Amino acid sequence: MGSGTVINIQKYSVHDGPGIRTTVFFKGCPLKCWWCHNPESQNQKYEIMFFQERCTGCGACLKRCPQKAIELQDGYPKIDETKCILCGKCTDFCPNSAKEYVGKDVSVQELMKEIIKDEVFYNESNGGVTFSGGEPLIYSDFLEEVLKRCKTRGIHTAVDTSGFASWDKFEKIADKVDLFLYDLKLMDNEKHVKYMGVENVNILENLKKLSDKGYNIYVRMPIVAGVNDDDENVDEAIEFISSLNIIQVNLLPYHKMGMDKYKRLKMEYKLTGQEKPSNERMAEIKDKFKKAGIRVEIGG
Ligand code: SF4
Ligand code: SF4
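Residues numbered from 1 in each chain as written. Chains lettered and ligands numbered in written order. Predicted model: local features only at pLDDT ≥ 70, side-chain atom pairs only at ≥ 80, totals over all residues. Heavy atoms only, no water.

Caption draft 1: Spotlight on the overall build of the protein. In terms of helices and strands, the protein carries 11 helices and 13 strands. Against the globule reference of 19 Å for 300 residues, the protein gives a C-alpha radius of gyration of 21 Å, in line with a compact fold. Residue pairs in contact within the protein that sit at least 24 positions apart in sequence constitute 69% of those at least 6 positions apart. Averaging the positions of the 43 positive and the 45 negative side-chain charges in the protein gives two centres separated by 6 Å. (Helix = DSSP H or I, 4+ residues; strand = E, 2+ residues; numbered from the N terminus. Rg over C-alpha atoms; globule rule 2.2 N^0.38 Å. Contact = heavy atoms within 4.5 Å. Lys, Arg positive; Asp, Glu negative; His and termini not counted. Charge placed at Lys NZ, Arg CZ, Asp CG, Glu CD.)

Here is the structure:
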């Protein structure tokens, strides 16, 4: 059972399933989507985020580092990753909050304590708790235990997943999940490898199996212009979804929120020059789903 590493436990979420919810964002994801707006959730290891605009180059963090892993370069602290043990001391002692430690291990009891705090809001709004990420199924044993305890208390549970996990992990948790929020990004396998870093075969198979077994599923489809908004991909997704038993599709237009985080984590943002898909294109795609008899919403 152990612990789970989270980046955030967000209260009062209204976009991660029905009602008012607490969303638990786990750290670690097997996919590396080019447009990911939570890049700090990709790496399972702890990380240090650096906000250069807040840094005055005072050097306080250099003195606090037990590993002598930091030196000033061009007036800013640079961490030597070969020496850094991710102890987080440099974040604690920065007077300007220019460094932020990303990642926190939580036990089942600690997480339940947080979830239970807002039980009254879940009850009043038909909400609950959503496990997201990153990929929550990376922590399948831990997740199973938390889900079990939520079910015992009657708390509605949703799992937001990339679908990229072995089927036995889905089997372990599925009976304790009231709703799957299942990402479907690209039908073409080669393009999927290019933009997500992994094949989509097992993602499609797992979705089919969940559907065949009658679990409640919302399919979430990010729409990224020039990547997956073409008729070919949309039509193929519609054909596949039509063969399944899902409740609804949520079309999520690409946005640039989270772009700054890449610089702060020294990661590359590969989707440069990308704009939000037009309202007209979003409406056309929505219409295609509707015409195929699929319940569909933009956003959510
Ligand atoms: S996390 Fe710890 S070891 Fe790494 S640079 Fe900061 S103080 Fe040094
Ligand atoms: S302590 Fe903070 S403000 Fe000072 S050099 Fe380090 S990161 Fe910059």
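Caption draft 2: Inspection of the side chain of threonine 22 at higher detail. For threonine 22, the location among the structural elements is in strand 2 (residues 21–26). Sequence-distant contacts of threonine 22, that is, excluding residues within four places in its chain, are made with Ile9, Gln10, Lys11, Asp118, Tyr122, Gly128, Val129 and Thr130.

Caption draft 3: Fine view of the UniProt feature "domain: Radical SAM core" (unreviewed entry) in the protein. Mapped onto the present numbering, the UniProt feature "domain: Radical SAM core" (unreviewed entry) falls at residues 15–295. End-to-end, the C-alpha atoms of residues 15–295 are 17 Å apart, and along that stretch the chain is 35% helix and 20% strand. (UniProt positions renumbered as here; feature names shortened; annotations may be inferred.)

Caption draft 4: Spatial organisation of the layout of surface pockets. What the largest pocket holds in volume is close to 960 Å³. Residue lining of the largest pocket: 37 residues in total, with His37, Asn38, Arg220, Leu252 and His255 positioned closest to the centre. Elements represented by at least two residues in the lining of the largest pocket include exactly strand 1 (3–13), strand 9 (156–161), strand 11 (217–223) and strand 12 (248–253). Here the residues of the lining of the largest pocket sort into 13 nonpolar, 16 polar and eight charged. Its boundaries defined by the atoms lining it, the second largest pocket holds a volume of some 720 Å³. Along the walls of the second largest pocket sit 25 residues, with Ile48, Glu81, Arg264, Leu265 and Lys266 positioned nearest its centre. Going through the elements one at a time, strand 3 (47–50), strand 5 (76–79) and helix 10 (259–264) are the ones with two or more residues in the lining of the second largest pocket. Along the lines of polarity and charge, the residues of the lining of the second largest pocket split into 11 nonpolar, four polar and 10 charged. (1 Å grid on protein atoms, 1.4 Å probe; cavity = no way out; pocket = protein on both sides within 12 Å on 5 of 7 lines; lining within 4 Å. Points joined across faces, edges and corners; volume = space filled by probe spheres on them. Nonpolar A, V, L, I, M, F, W, Y, C, P; charged D, E, K, R; others polar.)

Caption draft 5: Broad picture of the packing of helix 5 (residues 140–153) against helix 6 (residues 167–174). At a minimum axis separation of 9 Å, helix 5 and helix 6 run at an interaxial angle of 15°. Looking at the two axes, helix 5 sits roughly parallel to helix 6. At the point where helix 5 passes helix 6, the crossing takes the right-handed sense. Contacts from Ser140, Asp141, Leu143, Glu144 and Leu147 in helix 5 reach Lys169, Lys172 and Ile173 in helix 6. When the residues that make up the contact of helix 5 with helix 6 are grouped by side-chain class, the tally is three nonpolar, one polar and four charged. (Axes fitted to C-alpha atoms, helices over the stretch in contact; angles between N-to-C directions. Parallel < 35°, antiparallel > 145°, perpendicular 65-115°, else oblique. Left-handed = near helix turned anticlockwise from the far one by under 90°.)

Caption draft 6: Summary view of the packing of aromatic side chains. Scanning the model with the defined rule gives 13 aromatic pairs in all. Ring centres 6.4 Å apart and planes at 70° place the aromatic pair phenylalanine 50 and tyrosine 76 in the edge-to-face group. Highlighted residues: phenylalanine 50 in strand 3 and tyrosine 76 in strand 5, separated in sequence by 26 residues. By relative accessible area, tyrosine 76 is classed as partly exposed at 30%. Ring-pair connections join several aromatic residues into one group, and the members of that group are Trp167, Phe170, Phe180, Tyr182 and Tyr215. Over the face of the ring belonging to phenylalanine 51 we find arginine 54, whose NZ or CZ atom lies 3.9 Å from the ring centre. In this arrangement the basic side chain of arginine 64 is found over the ring face of phenylalanine 93, its NZ or CZ atom lying 3.9 Å from the centre. (Phe/Tyr/Trp six-rings, centres within 6.5 Å; stacked < 30°, edge-to-face > 60°. Buried < 20%, exposed > 50% of the residue type's maximum accessible area, 1.4 Å probe, protein only. Lys NZ or Arg CZ within 6 Å of the ring centre and 35° of its normal.)

Caption draft 7: Fine view of the site of ligand 2. Surveying the vicinity of ligand 2 reveals 13 residues, the closest of which are Cys55, Cys58, Cys61, Cys94 and Asn96. Across the shell around ligand 2, the residue classes tally to eight nonpolar, four polar and one charged. (Near = heavy atom within 4 Å.)

Caption draft 8: Main features of the nonpolar core. Ile115, Phe131, Phe180 and Phe289 are the most contacted members of the largest nonpolar core, which totals 53 residues. Those residues within four positions of phenylalanine 289 in sequence are excluded, and the remaining contacts are Met221, Val234, Ile238, Ile241, Val249, Leu251, Ile294 and Val296. With 16 residues, the next largest nonpolar core counts Trp34, Val227, Tyr262 and Tyr269 among its residues. (Core = buried A, V, L, I, M, F, W, Y, C linked by side-chain atoms within 4.5 Å.)

Caption draft 9: The arrangement of a negative patch on the surface in detail. Residues Asp188, Glu190, Glu232, Glu236 and Glu239 make up a contiguous surface patch of negative charge. No other element matches helix 9 (residues 231–242), which puts three residues into the negative patch. Its location among the elements puts glutamate 232 in helix 9. Overall, glutamate 232 belongs to the exposed group, its relative accessible area being 61%. (Patch = residues over 30% accessible without salt bridge, like charges linked within 9 Å, V, L, I, M, F, W, Y side chains within 5 Å. Areas by Shrake-Rupley, 256 points an atom, 1.4 Å probe, with all protein chains shown as cover. Salt bridge = Lys/Arg side-chain N within 4 Å of Asp/Glu carboxyl O.)

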